[in-house]
Amino acid sequence: MTLKGIKELQNEIWMIKNLKANFGELRLNRNWDEPMGPTSKPNVTDLRAWDFKLLSRFEPFYAPFCDMCCMCTFGKCDLLGKKGACGINADAQQARTFLLSCCIGTAAHTAHAHHLLKHLIEKKGENFPIDLGMNIDIEAPIMRTVIGEKPGKLGDFRKVLDYCEEQLTYLLSATHTGQEGNILDFESKTFHAGMIDELSKEVCDISQIAAYGMPKGEEDVPLIELGLGVVDKEKPVILCIGHNVAPGAEIVDYTNDKGLYNEVEVCGICCSAIDISRRDKNAKIIGPLSKQLEFIRSGIADVIVVDEQCIRTDVLEEALKNNSTVIVTTDNACYGLPDRTNEDADKTVSDLIERRIDGALILDAEKVGEIAVKTALRISKDRRNIKILPDLKEVTKYAEDCIKCRMCERTCPNSFPVFDAIQDAGEGQFSKLLEVYEICYSCGKCEESCKADLPLVSMLTKVGGHYLKNQNYRIRQGRGPIQDVEIRKVGRPIVFGEIPGIIAFVGCTNYPKGGEEIAKMAEEFLKRNYIVVATGCSAMSIGEYKDKEGITLYEKYEDVFGAGGLVNLGSCVSNAHVSGACIKIANIFAKKPLRANYEEIADYILNRIGACGVAFGAYSQKASAITAGINRWGIPAIVGPHGTKFKRLLLGRKDKKESWKVNDLRSGEVVEGEPSPEHLLYAAETKEEVIALIPKICIRVNDTPKGRQTKLTNYIDLHQKYIETFPNDLHLFVRNRNDIPITYRKQVTEFLESKGWKPKEAPFEPSLMDFKKEEGR
Amino acid sequence: MMPWQPTTIAGPKQARVANPESVIRMLKKAKRPLFIIGPVIICDEGCDETVCHKAKIRSSCMDIAKEWDIPVVTVGHAFKSFLKEGFDTEPMGIIEIVNLLKDPEWKGLRGEGQHDLVLFIGVTYYIASQGLSTLKHFAQHLVTVTLCKFFHPNADASFPNMSDKKWLKYLEKLKISLRILNQEINTIRRV
Ligand code: SF4
Ligand code: SF4
Ligand code: SF4
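Throughout, a residue's number is its position along its own chain's written sequence, starting from 1. Each chain gets a letter, beginning with A, and each ligand a number, beginning with 1, in the order they are written. Local features in this predicted model are restricted to residues of pLDDT 70 or higher, and side-chain atom pairs are both shown and tallied only at a pLDDT of 80 or more, whereas totals for entire chains, interfaces and linings draw on every residue. Heavy atoms from the whole structure form the basis of all side-chain values; hydrogens and water molecules are not counted.

Trainee: Could you give an account of the sheet that holds strand β21 (residues 766-767) of chain A, naming the residues involved and the relevant values?
Mentor: Residues and elements named next belong to chain A. Read across the open sheet, the three strands follow the order β19-β18-β21; overall the sheet is antiparallel. Each having just a single partner strand, β19 (669-671) and β21 make up the two edges of the open sheet. Two strands qualify as a pair provided that DSSP identifies no fewer than 2 bridges between them. The secondary structure listing takes helices from DSSP runs of H or I that are at least 4 residues long and strands from runs of E that are at least 2 residues long, numbered from the N terminus. When strand β18 (residues 662-664) meets β21, the two strands line up antiparallel, connected through two bridges. Of the residues in β21, the one forming a bridge with Asp664 is Pro766.

Trainee: Give me the lowdown on the domain arrangement of chain A, citing residues and values where you can.
Mentor: Residue and element names in this part refer to chain A. Domain limits in this description derive from either an automatic procedure or a database domain assignment. Domain boundaries assigned for chain A yield domain 1 (26-212), domain 2 (228-383), domain 3 (392-454) and domain 4 (473-767). For domain 1 versus domain 4, the separation of C-alpha centres amounts to 23 Å. Of the residues lining the interface, 61 residues belong to domain 1; the matching set on domain 4 comes to 62 residues. Of the roughly 5100 Å² buried between domain 1 and domain 4, counting both surfaces, carbon and sulfur atoms make up 63%. Summed over both partners, the accessible surface that disappears when two parts come together, traced with a 1.4 Å probe, is what is meant by buried area. For domain 1, the biggest contributors to the area lost against domain 4 are Trp50, Arg57 and Phe58; these three give 17% of the whole. Between Lys or Arg on one side and Asp or Glu on the other, a salt bridge is scored when a side-chain nitrogen of the former is within 4 Å of a carboxyl oxygen of the latter. Counting the contacts that link domain 1 with domain 4 gives three salt bridges. Any pair of residues with heavy atoms lying within 4.5 Å of one another is described as a contacting pair.

Trainee: Outline the interface of chain A and chain B, supporting the account with residue identities and numerical values.
Mentor: Contact with chain A, which involves 47 residues of that partner, is made by 39 residues of chain B. Around 3600 Å² of area is buried between chain A and chain B when both sides are counted, 56% of it from carbon and sulfur atoms. Looking only at chain A, the three residues that lose the most surface to chain B are Phe61, Arg410 and Glu685 of chain A, adding up to 21% of its buried area. The interface formed by chain A and chain B contains three salt bridges. With a closest N to O distance of 3.0 Å, Glu96 of chain B and Lys654 of chain A form a salt bridge. Side-chain atoms alone can form a polar contact between residues adjacent in sequence; in general such a contact is a pair of N or O atoms within 3.5 Å, and within protein one must be able to donate a hydrogen while the other accepts it. Between the two partners, chain A and chain B, sit 19 residue pairs in polar contact (both at pLDDT 80 or more). Contributing elements (two or more residues each) for the side of chain A that touches chain B: β1 (59-62), α3 (90-124), α14 (407-411), β17 (648-651), β20 (681-683) and α26 (687-697) of chain A. The element best represented in the side of chain A that touches chain B is α14 of chain A, accounting for four residues.

Trainee: Got a sec to walk through the pattern of salt bridges? Specific residues and values, please.
Mentor: Evaluation of the coordinates by the stated rule reveals 69 salt bridges over all chains. The residue Lys661 of chain A makes a salt bridge to Glu658 of chain A at a minimum N-O spacing of 3.3 Å. Only protein chains enter the calculation, and the probe is 1.4 Å; a residue is then buried if its accessible area is under 20% of its type maximum, exposed if over 50%, and partly exposed in between. The class of Lys661 of chain A is partly exposed, set by a relative accessible area of 36%. For Glu658 of chain A, a relative accessible area of 61% gives the class exposed. With its nearest N and O atoms 3.7 Å apart, the salt bridge here joins Glu765 of chain A to Arg666 of chain A. Taken together, the positions of Glu765 of chain A in the loop between α28 (745-754) and β21 and Arg666 of chain A in the loop between β18 and β19 put the pair 99 residues apart, joining distant regions of the chain. Overall, the relative accessible area of 56% leaves Arg666 of chain A in the exposed class. Bridged by salt links that share partners, the residues Lys654, Glu678, Lys696 and Asp729 of chain A together with Glu96 of chain B form one connected network.

Trainee: Give a detailed account of unusual backbone geometry, specifying residues and quantitative values.
Mentor: Residue and element names in this part refer to chain A. The omega torsion of the bond from Gly75 to Lys76 falls at 0 degrees, within 30 degrees of zero and hence cis. Position of Lys76 among the secondary structure elements: in the loop between β2 (68-69) and β3 (77-78). In this model, Ser442 sits at a positive phi of 45 degrees, which is unusual for a non-glycine residue. Mapped onto the fold, Ser442 is located in the loop between α16 (431-439) and α17 (445-449). Assessed through its relative accessible area of 4%, Ser442 is described here as buried. Within the chain, Asn529 stands out as a residue other than glycine whose phi angle is a positive 65 degrees. By secondary structure assignment, the location of Asn529 is in the loop between α20 (516-526) and β13 (531-535). We classify Asn529 as partly exposed; its relative accessible area is 41%.

Trainee: An account of helix α15 (residues 418-426) of chain A is requested, with residue identities and associated values reported.
Mentor: All names here are of chain A. The buried fraction of α15 is high, at seven of nine residues. Along α15, the positions that sit buried rather than exposed are Val418, Phe419, Ala421, Ile422, Gln423, Ala425 and Gly426. Taken together, the buried residues of α15 touch α13 (392-400), α14, α16 and α18 (456-467). One or two steps after α15, the chain reaches Gly428, where phi turns positive at roughly 80 degrees.

Trainee: So what's going on with a positive patch on the surface? Which residues, and what values?
Mentor: Residues and elements named next belong to chain B. Exposure above 30% relative accessible area and no salt bridge define the residues that can form patches, which grow by joining like charges within 9 Å and nonpolar side chains of Val, Leu, Ile, Met, Phe, Trp and Tyr within 5 Å. The Shrake-Rupley method, run with a 1.4 Å probe, gives the accessible areas here. Residue values count only the displayed protein chains as cover. Neither His nor the chain ends is counted toward charge; the positive residues are Lys and Arg and the negative residues Asp and Glu. One atom stands in for each charge, and that atom is NZ of Lys, CZ of Arg, CG of Asp or CD of Glu. On the surface, Arg16, Arg25, Lys28 and Lys29 cluster together to form a positively charged patch. Looking at the positive patch element by element, the count peaks at three residues for helix α1 (residues 20-29). Within the secondary structure, Arg25 sits in helix α1.

Trainee: Can you lay out the environment of Asp339 of chain A for me, pointing to particular residues and giving the numbers?
Mentor: Residue and element names in this part refer to chain A. Looking at the element boundaries, Asp339 is found in the loop between β9 (325-328) and α11 (345-353). Taking the relative accessible area as the measure of exposure, Asp339 reaches 48% and is therefore partly exposed. Separated by 403 residues in sequence, Asp339 and Ile742 have C-alpha atoms that sit 69 Å apart. One polar contact links Asp339 to Thr341, side chain to side chain, over a distance of 2.5 Å.

Trainee: Tell me about the sheet that holds strand β5 (residues 117-121) of chain B, residues and numbers included.
Mentor: All names here are of chain B. Taken together, seven strands build an open sheet; the order of strands is β1-β7-β6-β5-β2-β3-β4 and the sheet is parallel. Two strands lie at the open edges of the sheet, namely β1 (16-17) and β4 (90-91), each paired on one side alone. Summarising the sheet, strand β2 (residues 33-37) and β5 pair through five bridges and their orientation is parallel. Residue pairing across strands places Pro33 opposite Leu117, the latter belonging to β5. To get an axis, a line is fitted to the C-alpha atoms, and for a helix only the part in contact is used. The angle between two axes follows their N-to-C directions and goes from 0 to 180 degrees. Seen against the sheet, helix α2 (residues 53-68) touches β2, β3 (72-74) and β5 and runs at an angle of roughly 165 degrees to β2.

What follows is the structure, encoded as structure tokens:
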């Protein structure tokens with residue numbers, strides 16, 4: 001039998017085996033005739049070989065936050081130049097803690113998906129169809145590629161979450177004292193945690209889109225009101241904080257059902273806000289995470305409803321200071337409050353109003369809707385007269401009490417000049433305090449360490465609110481996945497490099513100099529015809545910036561997934577659609593089979609799709625899991641300076657030629673590659689460094705000469721604009737003379753000569769995958 | 001000494017408190033020093049550079065590098081301010097250069113071999129602290145010294161926390177001492 005014949009036979013046997021194994025699940029996939037691929041529901045070690053390929057190019061870089069380990073009673077162990085009592089050394093310990101961080105982040109998304117799915121199934125039933133409309137056939141690209149199944153109904157997601165939870169348990173167990181000890185194996189597990197995180201996010205977003213009737217990827221979704229100034233303070237105000245849309249959606253539904261819509265203001269902070277506005281476009285978004293303490297301190301909210309993730313743990317304490325009522329709604333954060341889930345709603349409302357209880361735990365989203373609205377309606381009048389923030393005279397009075405210890409600026413994560421601002425405020429001058437207010441993310445660390453006990457956050461809030469009355473902006477409604485029809489249009493220009501890149505601004509607000517920098521970065525690339533997408537707090541930060549004409553980028557740039565388009569995908573869980581879009585390009589444009597075919601899809605993305613994530617303000621464990629998730633797909637990410645505190649990056653070495661070799665699957669040769677993308681996870685110190693790096697990190701081995709010229713033009717332009725010099729590694733990205741940008745021909749040619757550059761052939765089918773037996777050499 | 005950001009204490013080992021004299025001693029011993037300069041000493045837009053202390057700090061840094069012939073890497077977006085002065089530096093990311101420094105096989109900025117002493121100034125405090133931690137753990141082949149006005153416990157030696165005035169004085173002293181030392185060395189060579 002010929003080699004080909006043997007291979008076909010092997011394939012058939014493999015398919016029959018899979019058919020048998022999946023017989024009980026065929027119903028799920030009845031309209032899907034794609035054969036099952038090699039890695040359905042991969043176990044912890046099943047994609048290890050792929051991970052090791054990535055890690056041989058992008059080596060782990062560790063920056064310990066702490067020299068010590070205190071994770072078991074053998075400790076504390078000092079790991080500086082020594083091993084711990086369990087045998088672990090400093091680099092493995094960093095890899096271990098990063099895995100732990102990713103497990104925490106993944107658990108947060110998986111628990112979120114579970115809470116939400118349970119609620120939606122109770123509400124709509126197991127058989128509620130997953131239908132994302134006429135323009136989306138590939139409804140769950142991650143699930144299809146990882147699990148090898150596609151969802152038909154809500155109940156189908158249960159199995160996905162069962163798989164996620166099983167894998168997460170294995171991964172978490174590996175961080176126990178005395179288990180894994182090898183950094184590469186820790187890193188492979190970290191990638192696995194990231195992949196599970198991707199699945200959980202996708203389950204979460206698709207179920208809420210289907211069941212709550214959120215936008216299904218349509219272009220040109222409405223603009224939503226955003227900002228501290230959009231709330232009508234004369235009405236009862238309900239504030240939702242967190243990430244799980246269910247309680248907020250039920251509040252909005254309750255007001256609509258009871259005809260109370262115009263009587264109550266429903267607003268939100270962080271991702272719950274984005275998702276509530278996807279449910280109801282009239283809901284208002286206060287802003288990102290950075291507004292949390294500030295808004296609670298302002299006392300505007302009568303009722304504060306918290307769900308899960310990224311909620312301050314002192315919400316209750318802060319709310320009690322100004323007589324706001326707190327309702328907690330998930331088992332993640334109960335804050336010691338009495339469980340009123342099964343209590344009569346009116347009895348709970350009366351207990352809250354009469355202050356017989358400080359707040360309530362209500363694990364029933366519909367009941368939360370009723371209780372929150374009824375309580376807000378009844379307490380708001382009395383609360384209007386409560387004076388919460390100091391007035392400007394009092395701000396000055398407080399500032400006079402400063403004892404000049406400077407702990408405020410020493411403990412501020414960004415060393416903002418709080419000290420100088422307070423000295424000026426003591427003289428009745430508030431301009432410096434206002435400048436701090438505009439970039440401050442109200443973490444409260446300055447206030448906590450103030451030796452004179454000054455209420456610094458309240459002082460900042462007062463000054464900000466007093467001078468910036470019109471904090472009124474616009475953001476696009478989060479539109480969810482990219483439609484298949486859009487992918488068909490852009491697949492080719494992206495893969496050939498003619499659209500120079502897809503940039504996803506994602507993640508939280510731990511920005512070094514305020515959110516405006518995100519908007520400025522986004523605009524630089526929108527002007528240059530990149531596709532810009534955004535999620536979560538970054539999407540809000542982009543909306544919080546107005547240009548000289550007073551309009552936001554969402555009003556200025558089209559809501560299309562195309563060159564120069566700006567798309568708000570939605571909340572943190574909508575990050576799944578970033579990799580989802582890349583997977584769909586591999587499938588729709590390149591016809592790569594998706595089904596349980598992780599490695600081939602990731603290899604395609606790594607070598608051909610110039611996408612990158614920018615999480616400039618990444619702060620949480622979820623952010624670490626999100627980066628691990630996109631990295632395993634071959635999508636690089638850039639974090640901001642605080643991202644170094646994740647303690648681990650994945651860096652390429654452009655000076656090590658050996659590590660960039662690729663297999664040309666067409667010719668069967670191992671050929672010289674290029675450092676593209678140069679890093680898989682990089683931390684940049686400043687906005688300027690990020691802008692200069694993005695065009696380079698969007699270069700891919702597969703770019704056509706025309707595409708490469710476009711990318712190099714952007715690289716040279718932006719490097720010259722922000723670093724003010726010609727990029728000194730340009731020769732590494734010019735394969736032959738056809739790649740030289742026309743506008744810079746002379747300059748580049750001279751530079752290449754100075755570097756002793758020699759042309760090389762571009763590979764036809766670059767890949768990190770092994771040659772199939774008959775092709776290899 | 002308490003670090004400038006108090007929570008950057010990483011463990012029992014802390015940097016030695018340095019002064020201009022001790023830095024000179026370390027420089028004298030070093031064969032291939034490197035100077036890393038970050039964006040914190042770059043003036044903000046609209047700043048009057050004739051009075052700004054950051055401009056004076058930059059000027060001292062350039063003099064120190066010239067006096068002792070130390071190659072300079074500028075990180076973040078620090079490159080442009082030096083270019084304006086006609087001073088040649090190599091632009092890089094702080095993470096990129098730290099990654100190269102931790103590799104004992106790297107040939108250094110001038111291709112003469114891995115550096116054995118690295119001076120830091122003006123790198124954002126917390127990112128510098130993380131980079132110094134990487135080098136403390138994984139680059140036993142080199143010594144790190146910070147010339148910022150903030151104490152950095154993760155360095156091998158660091159200037160203490162101090163005012164702008166004292167900081168300028170320290171850098172001036174370093175510059176002048178290097179000049180004198182250079183003159184002495186040249187005299188000895190001539191003799
Ligand atoms: S886990 Fe290992 S390194 Fe950490 S305290 Fe225990 S023995 Fe020491
Ligand atoms: S509240 Fe603002 S000023 Fe205070 S420490 Fe946090 S970021 Fe700095
Ligand atoms: S921490 Fe408080 S007392 Fe100390 S300088 Fe700052 S404002 Fe003044």
